[in-house]
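These are the residues of each chain, in order.
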Amino acid sequence: MKTAGSVCCKAFDSRYLRCLLAAASLLLVGGIGSAGPVQWEHKTLPGPNAGNQQTACIVADLDKDGIDDFIVTERTKTPSVVWYKYNGKSWDIKVIDETALKPEAGGDVCDIDGDGDLDVIFGQDASGNTIWWWENPYPDYDKPWTRRLIKNSGANKHHDQSCADYDGDGKVDFVTWNQGAKSLLFYKIPSDPRSAGPWQPAVIYTWDSGREREGFPSVPMDIDGDGKLDIVGGGRWFKHTGGMNFEEHVIDGEMTFTQCAVGPLVEGGRPEVVFSPGDMDGEAAWYGWDGAKWVRHVLRHVIHGHTCGIRDIDGDGHSDIMIGEMGNPGAGDNAQVFVWYGDGRGNFRETVAWKGQGIHEGKLGDFDGDGDLDILLKPYNHNAPRVDLLLNNGTGKSRAGGWQVLFETAVDLDKWQNENGGPPNPNWVVIQEDGRDVLARKEGAGMIWTKQRFGDFVLDLEFKTEGNSGVFFRTDNMKDCVQTGFEMQVYRPTNNPSKNSSGAVYDALAPTKEMTRDNQWNHVTITTIDNKITIVMNGEQIIDMDVDKWDTPGQNPGGVKNKFRRALKDFKREGHIGFQDHGANVWYRNVRIKAL
């Protein structure tokens, strides 16, 4: 059983309150401000068009450059759907759909057509019964985003969507609230989604009366630890029981008309859930499972708290909470963005990251590519059209030679994804060993990949294995990793090191000596600088590779055959980092990287 501490929301002495007000005043006039352990630098960007009803906002790395992009919709002018891409100094606005549409708040991304990039989904507002998806034209963005149908019949209004493998079959599913039908709809993605449509839904939950249901967490999680991701929203969570059937479990029946988030606020056991009144005023609260029931912990009263997220914002290894208030409707010029910094034991310190601009469907993401989490402030109507960013200048571990943690605690799993760009398979689990969090593979876990791409770097980690696995790096296509990336082989030790033994650059170069410790933790450092790759294992350099010498497809220097259809010198020199599930138990810990 987990025990939770206090929520330190109002424990301000007068000196601290004066400091907080001074920080808020500084933030209101722009520039760099501080509210808590993070400094926030404010940026204001143009809105998607000249309209003032900016409805939806979602975050995704659409172009696979390792930096979060974001998509914003507006329902009174054109273009109706645009995306923002960081160019190193500012953000370029690119059009997804230039026609007039009426998208509702919500939306999500997933690889619908199975081509390795993220496609986009939005639902229509109360004016219609349509849900659309747009095919990502990556890598050629001179081509249009093709819009296709998911739904064009039945009742109107689709506020919030979610994509994840909710039935445990290894394939991404799609769920959406349909408020006009008082229903929650579940869809299996068709095998040929480009030609299929509309898709066929299953109604997995309905309600007869009361407030509308809405909200899904941006990061789905396994609530009860059965190895399947669970649906959370509308004050409830839904457990898959077989086929197209889900069982409703009420967390708080009064928190139906809310936005929500899920994450490990109290480390160990079930994840916690946060509900925030999204289109009304009320108390935001987090909920922890005590072994028999959900226990409510009030955070504070919020005014239209239509932004809700859980992530490790300050980089201390513990999950934090972010909730933001709308402006119109909402708190007007007194709208605030709150961040509660957590200690992993259920204690929080409330701070105000921003005051004076309403936020609706706000999101957390690394929008400037420096390795820490920023806040996207997208208003609905308040002072629109506009989009604001709060850039996190306090915890950027990849800045100026600093280390960036890829995995240290369970919180860091939000930096990882599956090969389709969705959350990692829940069979990659976090266990405790000697007081440390360890990333462990269970049967059927598949590959796990960093969301971010890396070029020249120092990668430092520890592994322990009972058989075959691998550390992939500079991988361009996560679905074709062997032919588009490099792999350091992970295996048990052998008396005759080869190009397929532990520490090898797989099928290309054998280690100079066997340094793997059987059934023990092994410390590895992989360094890549342009054409050079070096690997040090347990204090001994075992690989010194010049990729430019691998200049012939299917052949290593000296004429020995390999399995690569392209010469390794022609592989991309940047890409994702991944861990392989090859059917054997394997464990990873203390994974960090330093960009060079």
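What you see is a predicted model, and the numbers here were worked out from it, not measured in a lab.

Visitor: Can you break down the overall build of the chain residue by residue, with the values?
Guide: When helices and strands are tallied, the chain shows two helices and 42 strands. For the chain, the C-alpha radius of gyration of 24 Å lies close to 25 Å, the compact-globule estimate for 596 residues. Each of the three principal axes of the chain carries a C-alpha extent, and together these read 70 × 60 × 50 Å. A total of 596 residues make up the chain; the buried ones form 60% of that total.

Visitor: Quick rundown of the sheet that holds strand 20 (residues 272–277)? Include the residues and the values.
Guide: Within the open sheet, the four strands sit side by side as 19-20-21-22. Their pairing is antiparallel. Every other strand in the sheet has two partners, leaving strand 19 (258–263) and strand 22 (294–303) as the edge strands with one partner each. Strand-to-strand twist across the sheet, computed as the mean angle between neighbouring axes with direction ignored, equals 15°.

Visitor: Tell me about the domain arrangement of the chain, and please be specific about residues and values.
Guide: When its domains are assigned, the chain resolves into domain 1 (54–216), domain 2 (258–397) and domain 3 (402–595). With centres defined by C-alpha atoms, the gap from domain 1 to domain 2 works out at 22 Å. Listed by partner, the interface residues are 23 residues for domain 1 and 26 residues for domain 2. Buried surface at the junction of domain 1 and domain 2, summed over both partners, amounts to about 1800 Å²; 55% is from carbon and sulfur atoms. Run the count over domain 1 and domain 2 and you get zero salt bridges. If you look at where domain 1 meets domain 2, you find 14 residue pairs in polar contact (both at pLDDT 80 or more). Mapped onto the side of domain 1 that touches domain 2, the elements with two or more residues apiece are strand 4 (54–60), strand 5 (69–74) and strand 6 (81–86). At six residues, the largest contribution of residues to the side of domain 1 that touches domain 2 is made by strand 4.

Visitor: Tell me about the pairing of strand 26 (residues 348–355), and name the residues and values.
Guide: For a regular strand, side-chain orientation follows a simple rule: the groups alternate between the two sheet faces. Across the eight residues of strand 26, six count as buried, placing the element largely inside the fold. The turn linking strand 25 (residues 336–342) back onto strand 26 is made up of five residues, and Gly 344 within it adopts a positive phi angle of 80°.

Visitor: Requested: an account of the environment of Ile 67, with residues and values cited.
Guide: Tracing the sequence through the fold places Ile 67 in the loop between strand 4 and strand 5. Overall, Ile 67 belongs to the buried group, its relative accessible area being 17%. Distance in space between the C-alpha atoms of Ile 67 and His 158 is 29 Å, their sequence separation being 91 residues. When residues no more than four places from it in sequence are discounted, the contact partners of Ile 67 are Asp 61, Tyr 86, Asp 366, Phe 367, Asp 368 and Gly 369.

Visitor: Break down the packing of aromatic side chains for me, citing the residues and quoting the values.
Guide: Counting across every chain of the model gives 30 aromatic pairs. With 5.4 Å between their ring centres and 80° between their planes, Phe 70 and Phe 367 make a pair best called edge-to-face. Here the residue Phe 70 occupies a position in strand 5, and Phe 367 occupies one in the loop between strand 27 (363–365) and strand 28 (374–377), the gap between them amounting to 297 residues. Given a relative accessible area of 0%, Phe 70 falls into the buried group. Classification of Phe 367 by relative accessible area gives buried; the value is 0%. Aromatic pair Phe 486 and Phe 571: ring centres 5.6 Å apart, planes at 55°, arrangement tilted. With Phe 486 in strand 37 (residues 486–490) and Phe 571 in the loop between strand 40 (540–546) and strand 41 (576–579), this pair connects stretches of sequence that are 85 residues apart. Through successive ring pairs, a cluster of aromatic residues spans Trp 177, Tyr 205, Trp 207, Phe 216 and Phe 238. One cation-aromatic arrangement involves Arg 270 over Trp 289; the distance from NZ or CZ to the ring centre is 4.2 Å.

Visitor: Tell me about the confidence of the model for the chain, and name the residues and values.
Guide: Model confidence for the chain is summarised by a mean pLDDT of 91, while 92% of its residues fall at 70 or above. This model gives residues 1–35 a pLDDT under 50, and the stretch forms 65 contacts once residues within four places in sequence are excluded. Note that pLDDT drops below 50 for residues 397–401; the model gives that stretch 17 contacts with residues more than four away or on any other chain.

Visitor: Explain the pattern of salt bridges to me, and be specific about the residues and the numbers.
Guide: Taken as a whole and judged by the stated rule, the model has 41 salt bridges. Among the ionic pairs, Lys 188 bridges to Asp 169, the shortest N-O distance being 2.6 Å. In this pair, Lys 188 sits in strand 14 (residues 183–188) while Asp 169 sits in the loop between strand 12 (161–164) and strand 13 (173–178), placing the two residues 19 residues apart along the sequence. Taken together, the shared-partner salt bridges connect Asp 113, Asp 115, Glu 135, Arg 148 and Arg 194 into one network.

Visitor: Explain the nonpolar core to me, and be specific about the residues and the numbers.
Guide: With 39 residues, the main nonpolar core has Leu 459, Phe 579 and Tyr 588 as its most contacted residues. Among residues more than four places away in sequence, those in contact with Leu 459 are Leu 406, Val 471, Val 524, Thr 525, Ile 526, Ile 577, Val 591, Arg 592 and Ile 593.

Visitor: Quick one: what's the story with the sheet that holds strand 4, residue by residue and with numbers?
Guide: Spatially, the four strands line up as an open sheet ordered 4-5-6-7, and their pairing is antiparallel. The open sheet terminates on both sides in strands that have one partner only, identified here as strand 4 and strand 7 (91–97). Neighbour-to-neighbour, the strand axes of the sheet open up by a mean angle of 25°, direction not taken into account. Judged from the six bridges that link them, strand 6 and strand 7 form a sheet pairing that is antiparallel. Paired with Tyr 84 across the two strands is Ile 93, which belongs to strand 7.

Visitor: So what's going on with the side chain of Lys 378? Residues and values would help.
Guide: Position of Lys 378 among the secondary structure elements: in the loop between strand 28 and strand 29 (387–392). Glu 361 provides the closest opposite charge to the buried, salt-bridge-free Lys 378, at an N-O distance of 6.1 Å. Of note is the side chain of Lys 378, whose polar atom sits 3.1 Å from the backbone oxygen of Thr 55. Discounting chain neighbours no more than four positions away, the residues touching Lys 378 are Gln 54, Thr 55, Ala 56, Cys 57, Val 72, Ile 359, His 360, Glu 361 and Val 387.

Visitor: Could you give an account of unusual backbone geometry, with specific residues and numbers?
Guide: Here Asn 328 and Pro 329 are connected by a cis peptide whose omega angle stands at 0°. Within the secondary structure layout, Pro 329 lies in the loop between strand 24 (320–324) and strand 25. Residue Pro 385 is reached from Ala 384 by a cis peptide bond, and omega for that bond is 10°. For Pro 385, the location among the structural elements is in the loop between strand 28 and strand 29. One non-glycine residue, Lys 182, adopts positive backbone phi at about 50°. Relative to the elements of secondary structure, Lys 182 occurs in the loop between strand 13 and strand 14.

Cut-offs applied
Residues numbered from 1 in each chain as written. Predicted model: local features only at pLDDT ≥ 70, side-chain atom pairs only at ≥ 80, totals over all residues. Heavy atoms only, no water. Helix = DSSP H or I, 4+ residues; strand = E, 2+ residues; numbered from the N terminus. Rg over C-alpha atoms; globule rule 2.2 N^0.38 Å. Buried < 20%, exposed > 50% of the residue type's maximum accessible area, 1.4 Å probe, protein only. Pairing = 2+ DSSP bridges. Axes fitted to C-alpha atoms, helices over the stretch in contact; angles between N-to-C directions. Domains from an automatic or database assignment. Contact = heavy atoms within 4.5 Å. Buried area = accessible area lost by both parts, 1.4 Å probe. Salt bridge = Lys/Arg side-chain N within 4 Å of Asp/Glu carboxyl O. Polar contact = N/O pair within 3.5 Å; in protein donor to acceptor, adjacent residues only side chain to side chain. Phe/Tyr/Trp six-rings, centres within 6.5 Å; stacked < 30°, edge-to-face > 60°. Lys NZ or Arg CZ within 6 Å of the ring centre and 35° of its normal. pLDDT = per-residue confidence, 0-100. Core = buried A, V, L, I, M, F, W, Y, C linked by side-chain atoms within 4.5 Å. Lys, Arg positive; Asp, Glu negative; His and termini not counted.

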